[in-house]
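Structural description and commentary
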Amino acid sequence: MRCIMLQPMNMFFGGLVTMVLVCYLTWSSQGREMKRFTSQQRDIPCVVSFNDTRSGLVKNDLPVIYFITPTYPRREQVAELTRLGQTLMHVPNLHWILADDSTTCNPMIIDLLPRFGVPYTHLASPMPEMYRHVSIVPRGVANRRAALSWIRVNIKNGVIYFGDDDNTFDLKLFEEIRDTRKVSMFPVGLIGEYSISSPILKEGKVVGFFDSWPAKRMFPVDMAGFAVNVEFFLQHPNATMPYKAGYEEDRFLRSLGLTLDQIEPKANGCSEVLVWHTQTAKRASPVLRIDSVLDNSLKDLLQTMTYLGIGSMSDSHGVKTYATKDGKSHLL
């Protein structure tokens, strides 16, 4: 009877060992693959300028805010960077880290950034190719990782903030986050089904979160809803952002070993909205068909259009174009 009972038990334990071994080998191979794909990221430092040419906005007693912006080539890129730059040019002691999803340094960005007078770092940080083909693309991760790597190597103190190029920022936000000791948090407007995302406070302490996509995240917050002290970040050498769409914020904050009682609520006890997750409607850049030889100002304007990445020209295909005079349109 004992022999009969032992046989199924041995089979059970044998199967269990096999399952554990398979799981380990799968996990191990996935880990190696992840390291291999992560190593595919190749960042290029394009331009670094610590020169602040703005009058009266250098204040030695204020910590520097390192404003990290992921961006990528598209029709709206120059317009959104111009709008954001003209917000940041009013913020004292700010260093703008602009990381572009490109394999080369974009001449348009190189020319644009000095116009704002803000110290800046321009990085070309393309997304590893394998992530461009997944069902949900983890946009901006390679750019933010590149910026964080640059901070690790070059910066010792200050405050880190992630600001997308299409978001809208109240200047008061920068005053609020500048004294962040570890991690500060605050509401973000115009996001998700609730139209707002925020920590929940009781007696001045964070006790939970209000967000329409909890997804079992420990920190269900938006990328624009927190700031991190540089020294606190540097104390965690393995802190990083994963290539996992929707979980970038949560996994980054967890990699810092953050706990609820360490969070510093801002924006008047998380009762005010100082940043909005606005999004520009996106359209494909048009190709304009122009058959004729241009001998007027339109020639220079269309060359500028191509340079800025908001469109291009062709003499063989594209949208038919017309010039109008005295109410009459003529094909170009």
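Higher on the page you've got the structure.
Fair warning: this is a prediction, and the values are worked out from it, not measured in the lab.

Parameters and conventions
- Residues numbered from 1 in each chain as written.
- Predicted model: local features only at pLDDT ≥ 70, side-chain atom pairs only at ≥ 80, totals over all residues.
- Heavy atoms only, no water.
- Helix = DSSP H or I, 4+ residues; strand = E, 2+ residues; numbered from the N terminus.
- Expected span 1.5 Å × (residues − 1).
- Buried < 20%, exposed > 50% of the residue type's maximum accessible area, 1.4 Å probe, protein only.
- Arc of directions from axis to C-beta.
- Contact = heavy atoms within 4.5 Å.
- Pairing = 2+ DSSP bridges.
- Axes fitted to C-alpha atoms, helices over the stretch in contact; angles between N-to-C directions.
- Disulfide = S-S within 2.5 Å.
- Core = buried A, V, L, I, M, F, W, Y, C linked by side-chain atoms within 4.5 Å.
- Salt bridge = Lys/Arg side-chain N within 4 Å of Asp/Glu carboxyl O.

What follows is about helix α2 (residues 77–88). Over its twelve residues, α2 extends 16 Å from the first C-alpha to the last, a length consistent with the 16 Å expected when each residue adds 1.5 Å. Three or more residues of α2 are buried, namely Gln77, Val78, Glu80, Leu81, Leu84, Gly85 and Leu88. One face of α2 carries all of its buried residues, which in axial projection span an arc of 160°. Against β2 (65–71), β3 (94–100), α3 (107–112), β6 (168–169), α5 (171–177) and α9 (297–308) lie the buried residues of α2.

Before going further, it helps to examine the sheet that holds β3. Taken together, the eight strands give an open sheet; going across it, the order is β1-β4-β3-β2-β5-β11-β7-β12, and neighbouring strands pair in mixed fashion. Lying at the two open borders of the sheet, with one neighbouring strand each, are β1 (44–49) and β12 (263–265). Each strand axis lies, on average, 20° off the axis of its neighbour in the sheet, ignoring direction. Across seven bridges, β2 lies against β3 in parallel orientation. For Phe67, the partnering residue across the bridge sits in β3 and is Trp96.

This next bit is on the state of the cysteines. Enumeration over the complete set of coordinates arrives at one disulfide. Put simply, Cys46 and Cys105 are joined by a disulfide, and their sulfur atoms are 2.1 Å apart. Here the disulfide of Cys46 and Cys105 is left-handed, its torsion about the S-S bond being about -90°. In this pair, Cys46 is assigned in strand β1 and Cys105 in the loop between β3 and α3, connecting sequence segments 59 residues apart.

Ile151, Met185, Phe226, Phe252 and Leu253 are the most contacted members of the largest nonpolar core, which totals 37 residues. If we ignore the near neighbours within four places in the chain, the residues touching Ile151 are Tyr66, Ile68, Ile97, Ile160, Val230 and Phe233. Counting 31 residues, the second largest nonpolar core, distinct from the first, contains Leu98, Val188, Leu274 and Val275.

What follows is about the pattern of salt bridges. Enumeration over the complete set of coordinates arrives at 14 salt bridges. Its salt-bridge partner being Arg74, residue Glu80 comes within 2.4 Å of it at the nearest N-O pair. A residue is classified by how much of its surface remains accessible, and Glu80, at 1% relative accessible area, is buried. For Arg74, a relative accessible area of 11% puts it in the buried group. In this structure, Arg254 and Asp250 form a salt bridge, with 3.3 Å as the shortest nitrogen-oxygen distance. One end of the pair, Arg254, and the other, Asp250, are both in helix α7 (residues 248–255), four residues apart, so they sit about a helical turn from each other. Judged by its relative accessible area of 40%, Arg254 is partly exposed. Here Asp250 falls in the buried class, since its relative accessible area comes to 1%. Each of the salt bridges in this network shares a partner with another, and the network as a whole consists of Arg74, Glu80, Arg83 and Asp165.

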